[in-house]
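Per-entry structural report
Residues per chain, in single letters:
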Amino acid sequence: MVLDSYIDFSRPLDFVPPQIPARQRALDDILIPYAVRHARHFQLGTSEAAVRRSMADLSARMQHTVAVPLMLTGYRRDGADDFLEIIAIARELDGLFKSMPKPLNFAAAEKAAQRLPFITRIPARKADRQIIAQRLLASYFESLRNPKRESLDLDFNASTYAAIRCNDAPASVDENAWEKRIKESAEHSPHFFFGLYGNPCTTWTRPSVTQPDWSPLRTLDLLLVQSQYDVATPLEGANAFFDQLPRAYRVYVRGELEHGVFPYRDKNCVDQTVARYLLGESPAQRETVCPAHPLPLDARKPQNRK
């Protein structure tokens with residue numbers, strides 16, 4: 001059996017809280033240095049401090065607007081460019097809104113946004129950046145029209161995720177305790193604590209369940225696969241579970257933030273180890289450490305970078 005990007009199944013399935021510091025860690029260690037290395041492309045500053053200021057200086061409404069888009073682009077290596085471009089476009093939209101007469105007019109803002117310097121600067125990225133701007137505009141103006149939502153609206157994926165989180169194991173239902181968690185996370189991870197909002201488990205009418213016994217896994221010859229900066233199934237839980245499986249093996253990709261690693265399309269580390277395991281050949285050592293692929297702009301030849 002292969003478990004790719006996994007949690008600590010010995011703990012309650014309270015996915016979200018561990019993800020918050022994991023997102024902050026990926027931002028600090030991977031994404032901000034990446035923005036600095038390619039400062040001309042992302043236009044967020046030439047130092048880590050400048051990139052952090054570019055995020056902190058977003059208006060409160062704009063920070064709320066970019067919250068979900070940043071969350072959705074944080075699961076994969078090829079989302080790194082979109083993540084940083086969302087922040088750059090949000091900065092320019094903030095500046096645009098400050099210069100426009102109030103109340104803001106959506107049609108006028110949408111027309112002006114298409115001419116923003118960051119969006120038009122690189123022709124090859126113009127169409128993608130226009131799409132990002134349009135989505136941010138729609139979300140921003142929706143928050144102006146409906147500043148307070150009284151109900152929790154979940155799409156198909158989110159409702160399935162909530163059902164697993166709230167039904168399949170004991171979940172946090174104390175609203176006061178959850179609010180305390182939000183405040184603590186806001187102090188340490190100011191750009192990502194939003195993930196704790198809208199906890200359906202505090203009001204979910206659900207059956208009483210017993211979490212299945214995972215201990216039979218201790219005796220199995222499992223292969224686990226995990227990346228260092230996975231924000232969906234963070235490393236702390238992955239390490240804790242691996243430590244409890246004495247017969248298991250693991251493929252660990254240092255420096256990678258991909259969630260769902262295999263197939264990794266590398267030459268002789270991740271894919272080779274997993275494929276041989278599936279064909280009946282266990283790894284020679286308990287843990288195989290593999291190097292990460294470069295981020296998109298890092299992978300380009302110098303003359304092709306912009």
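Summary of the structure given here.

Definitions and limits used
Residues numbered from 1 in each chain as written. Predicted model: local features only at pLDDT ≥ 70, side-chain atom pairs only at ≥ 80, totals over all residues. Heavy atoms only, no water. 1 Å grid on protein atoms, 1.4 Å probe; cavity = no way out; pocket = protein on both sides within 12 Å on 5 of 7 lines; lining within 4 Å. Points joined across faces, edges and corners; volume = space filled by probe spheres on them. Helix = DSSP H or I, 4+ residues; strand = E, 2+ residues; numbered from the N terminus. Axes fitted to C-alpha atoms, helices over the stretch in contact; angles between N-to-C directions. Parallel < 35°, antiparallel > 145°, perpendicular 65-115°, else oblique. Left-handed = near helix turned anticlockwise from the far one by under 90°. Contact = heavy atoms within 4.5 Å. Salt bridge = Lys/Arg side-chain N within 4 Å of Asp/Glu carboxyl O. Buried < 20%, exposed > 50% of the residue type's maximum accessible area, 1.4 Å probe, protein only.

**Observations concerning empty space enclosed by the protein**
Per the stated rule, a full pass over the model turns up one cavity of 30 Å³ or more. Taken together, Arg23, Ala26, Leu27, Leu31, Leu70, Gly74, Phe83, Phe192, Val231 and Leu257 make up the lining of the largest cavity. Top element by residues in the lining of the largest cavity is helix 1 (residues 16-37). It accounts for four residues.

**Observations regarding the packing of helix 5 (residues 80-99) against helix 6 (residues 106-113)**
Interaxial distance between helix 5 and helix 6 falls to 11 Å at its minimum, and their mutual angle equals 130 degrees. By the angle between their directions, the pair helix 5 and helix 6 is classed as oblique. Remark: the crossing between helix 5 and helix 6 carries right-handed chirality. Note on element contacts: helix 6 touches helix 5 through Ala109, Ala112 and Ala113, opposite Leu93, Leu96 and Phe97.

**Re the pattern of salt bridges**
A full pass over the atoms with the stated rule returns 13 salt bridges. For the salt bridge of Arg76 with Glu258, the shortest nitrogen-to-oxygen distance reads 2.9 Å. Highlighted residues: Arg76 in the loop between helix 4 (60-72) and helix 5 and Glu258 in the loop between strand 3 (249-254) and helix 12 (270-278), separated in sequence by 182 residues. Given a relative accessible area of 10%, Glu258 falls into the buried group. By sharing partners, the salt bridges in this structure join Asp82, Glu85, Arg125, Asp128 and Arg129 into a single network.

These figures capture arrangement, not role.
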